[in-house]
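# A closer look at the structure
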Amino acid sequence: MDRLAKLLADLDEDQKQAVLHGEGPLLVVAGAGSGKTRVLTYRIAALLARGLAQPHEVLAVTFTNKAAREMAERVERLVGGGLRGGFVGTFHRFALQLLRNHPAEAGLPPRFAIADEDEQRLLLDRILKRLDIPAGRLSVRAARSRISAAKNALVGPGALASRARGDAERLLAEVYEAYEAELRTAGAVDFDDMLQLAVSLLERHEALRKGLAARFRWLLVDEYQDTNLAQARLVRLLGGKTPNLTAVGDEDQSIYRWRGAEVENILAFEEAYPGARVVTLGRNYRSTEPILRAAAAVIERNSRRRPKRLSSEVGDGVPVAVYLAADEADEARFVADEIARLRASVPAGEIAVLFRVNAQSRPFEGEMVRRAMPYVVVGGTRFWERKEVRDALAYLRLLAAPDDALAFRRAIHVPARGIGQVAMDHLEAAAAALAAALPAAARRLPEALSPRARQALAEFFALLDALRALAGSAPPADVVRELLERSGLAAQYAAGDEDDRSRRANLDQLVAAAAEAGERGLDLMSFLDEVALLTDADMRREGDAVQLSTLHAAKGLEFDAVFLVGMEDGLLPLRREGSSEADEEEERRLAYVGMTRARRRLILTSARVRRINGQLLAGRPSPFLLEVPREVVEDRAAAFGRDPFRAHAPHPFRHVAGPAASLAAAPFGPRTTDHGPRPSPKHPDGWRPGLKVRHATFGSGVILQVQGTGAQTRLVCFFDRAGRKTLIPSLAKLEKV
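Residues numbered from 1 in each chain as written. Predicted model: local features only at pLDDT ≥ 70, side-chain atom pairs only at ≥ 80, totals over all residues. Heavy atoms only, no water.

## Describing the overall build of the chain
- What the chain contains, in helices and strands, is 29 helices and 24 strands.
- Relative to its 737 residues, the chain shows a buried fraction of 54%.
- Restricting the contact set of the chain to residue pairs at least 6 apart, pairs at least 24 apart contribute 74%.
- In the structure as shown, the chain presents an accessible area of about 31,700 Å², 50% of it carried by carbon and sulfur atoms. (Helix = DSSP H or I, 4+ residues; strand = E, 2+ residues; numbered from the N terminus. Buried < 20%, exposed > 50% of the residue type's maximum accessible area, 1.4 Å probe, protein only. Contact = heavy atoms within 4.5 Å. Areas by Shrake-Rupley, 256 points an atom, 1.4 Å probe, with all protein chains shown as cover.)

## Structural notes on the sheet that holds strand β11 (residues 320-325)
- With respect to topology, seven strands assemble into an open sheet ordered β13-β14-β12-β15-β16-β11-β19, the strand pairing being parallel. In this open sheet, the two edge strands, each paired with only one partner strand, are β13 (375-377) and β19 (633-635). On average, each strand axis in the sheet is tilted by 20° relative to the strand beside it, whichever way the strands run.
- With four bridges joining them, strand β12 (residues 351-355) and strand β14 (residues 546-550) adopt parallel strand pairing. The partner of F355 across the bridge, within β14, is T550.
- Along the sheet face, helix α15 (residues 289-299) touches β11 and β16 (598-607) and points at about 45° away from the line of β16. (Pairing = 2+ DSSP bridges. Axes fitted to C-alpha atoms, helices over the stretch in contact; angles between N-to-C directions.)

## Some thoughts on the pattern of salt bridges
- By the definition in use, this model includes 65 salt bridges.
- In this structure, E482 and R486 form a salt bridge, with 3.8 Å as the shortest nitrogen-oxygen distance. Pair noted here: E482 and R486 are both in helix α23 (residues 476-487), with a separation of four residues, about one helical turn.
- Owing to a relative accessible area of 32%, E482 belongs among the partly exposed residues under this scheme. (Salt bridge = Lys/Arg side-chain N within 4 Å of Asp/Glu carboxyl O.)

This is the structure we're talking about:
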């Protein structure tokens, strides 16, 4: 059997169609668990086996370093070697490599720095203070998020200013322009600049663009539904109008709209690339049939999607369990009880508790601590974000890029060497007067500094010079080890208490990481670039411990058992003021992604009441929960003597028959810890959470919360036609139903 026949023997019919496609654009619509990574890697191997492509002609991009490593390793196993001269990596790695190779053409210094998230926040904080902008008008977080969105949409400060409508948008444009100026002064780019500058570079330099297009004749893009405008434009520039482009994705799993992802990129693929072939993968190799049926019932309500059906190759399994808890504490107890039972046959690392927002982890963490259950919160402080590691990285960045002002501002203060704010002000002024980078100005030891500060700076730069000389001949690990000892960074943590031991261990891990990078042939600059490109997705799954994770952080993972918790209207879907239909569809996709992380067991939970911002609020089951077909559900609430079939307010978006009756009918209200019923507190006028009401304009609804008494009474209600409203009952003329 030849190599191609061996490859095809591993594929189903849908996968074969995608793998054997010849020239021209191809969209592979790959539903959850349908083998999209297999299709991508086997397509690369098949192109090489058929002689259609040479290794150096392949460019394959994805979104996380972890996914890129897996793809590269699979291709290497399939073809018996790596793609020599080709590229397998993330969009940002490709863009950074392009900018490193052509800094002058991109308008960058030869050794430009990469501003990390903390440095971006510090820059914006300085700008907002300098412009005297209070946090109430524009916070650092909001400014950073909105500037990031503008960059991902390829909108610069000038374009943002010209299209600004209102004072708020003009203010943002002013801050954006100042932020870009600060980055240029520091000789730095941020994460979003990599894509924006790479696109600009290719648009302005036709010869470079044509050279890359001629070299990379075969383009493959993973997770195409998550591409933003900049990434889609980059692909277009590399491939042209009729490229040999394979895009793999699933609009049902597009969940990053909040950071610029455009689901329209995949939905309008055939318009962007006329004549494109579309192949849909319809077999799921991950989840049981009940899980797929439950997830399909939720996602099929979205209008902006391609109709598709996934069939399970795993077969039948246990029903999807649904539990209606009294409150978040009861929910956490139930989940912990179930995990304890599951651990008899399922490793802790194969169990996940998924939620919409980070704050939901608290009761689950508390319950697991009490029971001594091993767990990890995905998305906690990452190794590379820890203070002691970032301090050391600042020194290393100055060795690689001596004019890195952002790294200088951090390193000069650690360990403390008597350089205070007054000295920094003198240095900033000297840099401005000399039109020089801050480290270059500091190296001149300005006369305005005190003798003590000048001596400290002289010693600091002498240390850097010695370490830079070492870096020219020694592997990265030796440089890091020497840095930690000679700078005093390691000596800071010599007290011997638990916190110091932990920080010292992290520095030891930094040496180990540098050693591993050296073994792969990376020099210091390449090692630092690799660290800068790491994302949360590259830091997941830690040992044999239950994973507590947001739904966004769980993307791309799978587990034997998944608890999708907090399925209440307002939490999943998360509702904010001004939410649109597009927001609702994204929330539905988020629920779908969470449900399809499960291989064998899926447990969905909601709470009748939940404490939010210190207030105990009545809730109602998520509309997504109400859409799950009854025939695939095991109602676990009934086991505790609850009657989930009692009448409750109708579903606010549509009338749900049969399949949703179990939860649609579930009453809300606090319960005692022994699961026995306890009536809600009575208001003097008879108002209470869960009471059905009717309004002349808003129609039928239900009271969620009662605030105040007498003339100060306010009712928070949810109406079928109007959604959430806060009313004064004496004025609203509500009718009790």
